[in-house]
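Tertiary structure, described
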Amino acid sequence: QASPWQSSSRRPVMFLSTISGMPASSLCTLRVRVVSRVFFAGGQLPCRPLKSERSNSLGTDKAIVMKAADIVPLPNRISSFLHAFYKFTRPHTIRGTILAAFAGVGRALWENRQLIDFALIPKGFLGLFCLLCGNAFIVGMNQIFDVDIDKINKPYLPMAAGEIGTKLGWFLVILSGVLGVSLVYLNFSPLIFWLFVLGTFLGIAYSIPPFRWKQNPVMAALSIATCRGFLLNFGVYYATAQALGVPFTWNPPVIFLTFFMSLFALVIAISKDLPDIEGDRQFNIMTFAVRAGPRKMLDICVGLLLVNYAAAIVLSLVFKNAFKRPFMIGVHALLAAVLVRRSREVDTTSKLSIEQFYGFIWTLFYTEFLLYPFM
């Protein structure tokens with residue numbers, strides 16, 4: 001004999017079976033499919049009705065699915081969109097932009113401590129917001145034009161996964177671009193505005209035909225290195241010095257950060273293609289990784305970073321009074337040793353292993369910004 005709970009749970013199914021003419025077993029199957037799709041989609045139902053296993057029950061399926069969609073809570077829908085938008089902005093690039101901004105501002109303030117004015121804090125955060133808008137514009141544009149490639153290389157991205165459609169993607173990209181350019185034009189100097197415009201153009205040229213620089217490995221690497229290395233770090237420091245009312249000077253710490261991060265960004269531009277060889281080859285994107293293979297390019301990336309660390313050590317020896325020499329030498333020697341050890345653990349036949357190493361390179365990138373104020 002069925003328990004009271006089992007009996008009560010069957011009543012809605014029996015009622016629907018009576019009024020729809022569908023067997024109770026078919027309705028139970030439909031209910032399981034609807035509930036499972038809601039659960040695994042994070043509370044979102046597909047816009048189109050589910051196909052029924054019975055061709056004569058499509059109308060009933062549609063009515064039940066649309067009824068279930070009505071009861072998905074609005075907070076769940078908002079949460080799903082925010083999560084998709086968060087992925088759309090490529091969080092690892094956002095972290096790099098934020099750290100670069102704080103490092104450049106912090107250095108300029110430390111060198112001009114007597115000129116610190118707390119009234120400039122809102123303008124500082126406005127500048128950071130503009131940088132984040134520019135970052136979202138560039139990575140969003142790339143996802144729009146690379147959606148088919150990303151379905152192979154990065155199926156977790158929101159456009160490749162279908163979480164953000166093409167129209168919404170274009171809306172977010174255009175909104176980010178217009179906000180960033182407009183706010184920089186209205187609130188910062190002409191030089192900063194044109195630096196921002198140049199960075200935006202490099203992002204466009206990287207992804208959009210007829211430029212499509214990502215198909216040329218040299219232009220792709222140089223555009224990323226220029227934007228994330230030189231323009232970002234020089235621009236932030238220059239804007240801060242200008243806000244404080246002091247002339248810009250190429251002192252050793254500024255030279256170090258700008259050129260160190262430019263070479264580091266070049267390595268990121270090369271190594272980002274290591275996990276994407278399969279999709280890039282299918283779409284005839286002849287990156288360095290596709291041309292030379294993952295093992296060779298990984299070794300080249302490690303070699304360039306070692307040159308970067310060696311240059312930092314030499315710079316501290318040449319400019320004796322500009323840096324804290326023991327810290328500068330010790331930190332970069334340690335990071336170089338960790339890099340070499342970690343690179344030996346990479347299995348270049350495993351995409352997961354390569355992706356983890358690429359993430360490790362970004363960790364080294366973040367670390368340099370965090371250590372910069374202490375150098």
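Read on for a plain summary of the structure. (Residues numbered from 1 in each chain as written. Predicted model: local features only at pLDDT ≥ 70, side-chain atom pairs only at ≥ 80, totals over all residues. Heavy atoms only, no water.)

Here we come to the overall build of the protein chain. Along its length, the protein chain carries 16 helices and 0 strands. Within the span of the protein chain, comprising 375 residues, buried residues form 46% of the whole. Contacts in the protein chain between residues far apart in sequence, at least 24 positions, make up 70% of those at least 6 positions apart. Within the structure as shown, the protein chain displays about 19800 Å² of accessible surface, and the carbon and sulfur contribution to it stands at 67%. (Helix = DSSP H or I, 4+ residues; strand = E, 2+ residues; numbered from the N terminus. Buried < 20%, exposed > 50% of the residue type's maximum accessible area, 1.4 Å probe, protein only. Contact = heavy atoms within 4.5 Å. Areas by Shrake-Rupley, 256 points an atom, 1.4 Å probe, with all protein chains shown as cover.)

Turning our eyes to something else, we now look at the pattern of salt bridges. Evaluation of the coordinates by the stated rule reveals 9 salt bridges. Note that Arg-107 and Glu-111 form a salt bridge whose closest N and O atoms lie 3.2 Å from each other. Taken as a pair, Arg-107 and Glu-111 lie in helix 5 (residues 91-111) at a separation of 4 residues, close to a single helical turn. Among the residues examined, Glu-111 registers a relative accessible area of 28% and is labelled partly exposed. A salt bridge links Asp-273 to Lys-272; its shortest N-O distance comes to 2.9 Å. One salt-bridge network, held together by shared partners, links Asp-146, Arg-212 and Lys-214. (Salt bridge = Lys/Arg side-chain N within 4 Å of Asp/Glu carboxyl O.)

This paragraph deals with the packing of helix 6 (residues 121-145) against helix 8 (residues 166-187). The geometry of a pair of packed helices is captured by two quantities: the angle between their axes and the separation between those axes. Relative to each other, helix 6 and helix 8 sit at 145°, their axes nearing to 8 Å. Of the two possible hands of crossing, helix 6 and helix 8 adopt the one that is left-handed. Residues Lys-123, Leu-126, Phe-129, Cys-130, Cys-133, Ala-136, Phe-137, Gly-140, Met-141, Ile-144 and Phe-145 of helix 6 touch helix 8, and the partners they reach there are Gly-169, Trp-170, Val-173, Ser-176, Gly-177, Leu-179, Gly-180, Leu-183, Val-184 and Asn-187. Grouping the amino acids of the contact of helix 6 with helix 8 by side-chain chemistry returns 14 nonpolar, 6 polar and 1 charged. (Axes fitted to C-alpha atoms, helices over the stretch in contact; angles between N-to-C directions. Left-handed = near helix turned anticlockwise from the far one by under 90°. Nonpolar A, V, L, I, M, F, W, Y, C, P; charged D, E, K, R; others polar.)

Moving on to a nonpolar patch on the surface. Among the surface-exposed residues, Leu-74, Ile-78, Phe-81, Leu-82, Phe-129, Leu-168, Phe-171, Leu-175 and Leu-179 lie close enough to one another that they form a single nonpolar patch of about 800 Å² accessible area. When you line up the elements, Phe-129 lands in helix 6. (Patch = residues over 30% accessible without salt bridge, like charges linked within 9 Å, V, L, I, M, F, W, Y side chains within 5 Å.)

For Phe-319, the location among the structural elements is in the loop between helix 14 (294-318) and helix 15 (325-344). It is 7.3 Å that separates the C-alpha atoms of Phe-319 and Pro-252, two residues lying 67 residues apart in sequence.

With that settled, consider unusual backbone geometry. Peptide bonds are trans in most cases, and residues, glycine excluded, mostly fall at negative phi. In this structure, the amide linkage connecting Pro-209 to the following residue, Pro-210, adopts the cis form with an omega of 5°. Along the chain, Pro-210 falls in the loop between helix 9 (190-207) and helix 10 (217-244). In the Ramachandran plot, Arg-90 falls in the positive-phi region, its phi being about 55° despite a non-glycine side chain. Following the sequence through the fold, Arg-90 ends up in the loop between helix 4 (74-88) and helix 5. Of note in the backbone geometry, Asn-284 takes a positive phi value of approximately 60° without being a glycine. Mapping Asn-284 onto the fold places it in the loop between helix 12 (277-282) and helix 13 (288-292). Looking at Asn-284, the relative accessible area reads 54%, which means it is exposed.

Turning next to the packing of aromatic side chains. Following the criterion strictly, the structure yields 25 aromatic pairs and no others. Pairing Tyr-185 with Phe-193 gives two aromatic rings, centres 5.2 Å apart and planes at 70°, and the pair type is edge-to-face. For Phe-193, a relative accessible area of 12% corresponds to the buried category. A network of ring pairs unites the aromatic residues Phe-256, Phe-260, Phe-264, Tyr-309, Phe-323, Trp-362, Phe-365, Tyr-366, Phe-369 and Tyr-372 as a single cluster. (Phe/Tyr/Trp six-rings, centres within 6.5 Å; stacked < 30°, edge-to-face > 60°.)

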